[in-house]
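Summary of structural features
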Amino acid sequence: MARARAYRHDVRCPDCGSNRMAKAGHSKDRQRFKCGDCGRS
Ligand SMILES: [Zn+2]
């Protein structure tokens, strides 16, 4: 219950390496994520 559902822990930010990736919609058939640390998508 304490987990943030918005974050996916199976995806890592290629820029800062954080695994706090939030869903940021999807393009075509690929899911896009936005980094919760550096804000990159
Ligand atoms: Zn990042």
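In this numbering scheme, every chain counts its residues from 1 along its sequence in written order. For this predicted model, a pLDDT threshold of at least 70 governs which residues receive local features, and a threshold of 80 or more governs which side-chain atom pairs are given and counted, while totals over whole chains, interfaces and linings are taken from all residues.

1. A few points about the confidence of the model for the protein chain
- Here pLDDT means the predictor's own confidence in every residue, given as a number from 0 to 100. Taken as a whole, the protein chain shows an average pLDDT of 82; of its residues, 78% reach a score of 70 or greater.
- Within the protein chain, the element-level pLDDT minimum falls on strand β1 (residues 7–8), averaging 62, and the maximum on strand β3 (residues 30–35), averaging 87. The helix and strand labels rest on DSSP assignments: H or I over at least four residues marks a helix, E over at least two residues marks a strand, and numbering proceeds from the N terminus.

2. A closer look at unusual backbone geometry
- Phi at K28 is positive, roughly 55 degrees, even though this residue is not glycine.
- As for its placement among the helices and strands, K28 is situated in the loop between β2 (21–27) and β3.
- Exposure is read from a count of other C-beta atoms within 10 Å of each residue's own; the residue is exposed at 12 or fewer, buried at 20 or more and partly exposed in between. C-beta atoms are placed from the backbone. Look at K28 and you get exposed, because 5 C-beta atoms sit within 10 Å.

3. Quick word on the pairing of β2
- Pairing between β2 and β3: 5 bridges, direction antiparallel. In the strand pairing of β3, K23 is matched with F33.
- Two strands make a pair as long as DSSP finds a minimum of two bridges between them. Taking the residues that link successive antiparallel strands as the turn, the β2-β3 hairpin has 2 residues, and the phi of K28 there is positive, at about 55 degrees.

4. Observations concerning the environment of C35
- Its location among the elements puts C35 in strand β3.
- Taking the C-alpha atoms as reference, C35 lies 7.2 Å from S18; in sequence the two are 17 residues apart.
- Apart from the residues within four sequence positions on either side, C35 is in contact with C13, D15, C16, S18, R20, M21 and R40. With C-beta atoms placed from the backbone, a contact is any residue pair whose C-beta atoms sit within 7 Å.

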